[in-house]
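Report on the structure
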Amino acid sequence: MNQTSTVAQRLTAVRERVESAAHAAGRSPDDVRVLLATKTLDADVIRTALELPEAAGMLRGENRVQELVAKGPALADLTVETHLIGPLQSNKVNAALRWAGCIESVASVDLGRRLSERVPAGSTLDVMVQVNVSGEPTKHGVVPEDALDLAVQIAGLPGLRLLGFMTVGANSPEADLVRTGYARLADIRDRTIAEGVATATELSMGMSGDLELAVAEGATLVRVGTAVFGPRQVR
Ligand SMILES: *Cc1c(COP(=O)(O)O)cnc(C)c1O
């Protein structure tokens, strides 16, 4: 089978999954964007996918700063919004700022401050607070109990605009458990808006295996990798 048409078909299939999940939840499919998680893929593969008409309106996410930097120049002419969706060490803040328009993985006020200090005067950096809703120890993110406080602090830092929240859902076959975590993120988002942070509307949650559950709980951004590109090669 032709590789590119496979990616095109899979992009369409993902869009259809999002649409039916949105309809089932009584939501507009236009309120759910799709981010392509392009970790481990080469820049030419990413470019080919993003230039397909089936990818119109989709975003791109990298979870390692090293990959953001390595692929940045080759993809710099694309007008695709690019997010960092993995942890950011403070010594890599400048590189992340250069190549990502949004940092979805802010999980401490310390990182927020470092980002705030480096944002060029007169411009704004979009960020999300990453929350570990499942409590799985391998997962990055602030504990749910501290998420509202952190969000309000981050939103108050100069140069940062808090767009909302990100999570990686529970790694479990139990749909109820996964959904409960996503509902928890939606509740944190609602309480943050009620605290006066009107920009914090986004819920980045749901991946290839569980995006329907996330859309049912209000996801505004789903992040998919394998559903479009197939299984990743281990590097
Ligand atoms: C890789 C990755 C995804 C996509 O995962 P798939 O299961 O391949 O769809 C989503 N979010 C994050 C943070 C990732 O690192």
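Described in the following lines is the structure provided in the data block. (Residues numbered from 1 in each chain as written. Predicted model: local features only at pLDDT ≥ 70, side-chain atom pairs only at ≥ 80, totals over all residues. Heavy atoms only, no water.)

Here we look at helix H5 (residues 109-118)
The set of residues buried in H5 consists of Leu-111, Gly-112, Leu-115 and Ser-116. All buried residues of H5 project into a common sector of 140 degrees when viewed along the axis, lining one side. On its buried face, H5 sits against helix H4 (93-99), strand E4 (102-106), strand E5 (125-130), helix H6 (144-155) and strand E6 (160-166). (Buried < 20%, exposed > 50% of the residue type's maximum accessible area, 1.4 Å probe, protein only. Helix = DSSP H or I, 4+ residues; strand = E, 2+ residues; numbered from the N terminus. Arc of directions from axis to C-beta. Contact = heavy atoms within 4.5 Å.)

Things to note about the pairing of strand E2 (residues 59-62)
Because side chains alternate across E2, one face comprises the buried residues Leu-59 and Gly-61, and the other comprises Arg-60 and Glu-62, equally buried. When strand E1 (residues 33-37) meets E2, the two strands line up parallel, connected through three bridges. Within the sheet, the bridge partner assigned to Leu-35 lies in E2 and is Leu-59. Once the chain exits E1 it traverses helix H2 (residues 43-50) before rejoining the sheet at E2, and the crossover so formed is right-handed. Taken together, the three bridges between E2 and strand E3 (residues 82-84) define a ladder with parallel strand orientation. Residue pairing across strands places Glu-62 opposite Leu-84, the latter belonging to E3. Where the polypeptide runs from E2 across helix H3 (residues 65-75) and back to E3, its parallel neighbour, the crossover connection is right-handed. (Pairing = 2+ DSSP bridges. Right-handed = clockwise from strand over helix to strand, strands pointing away.)

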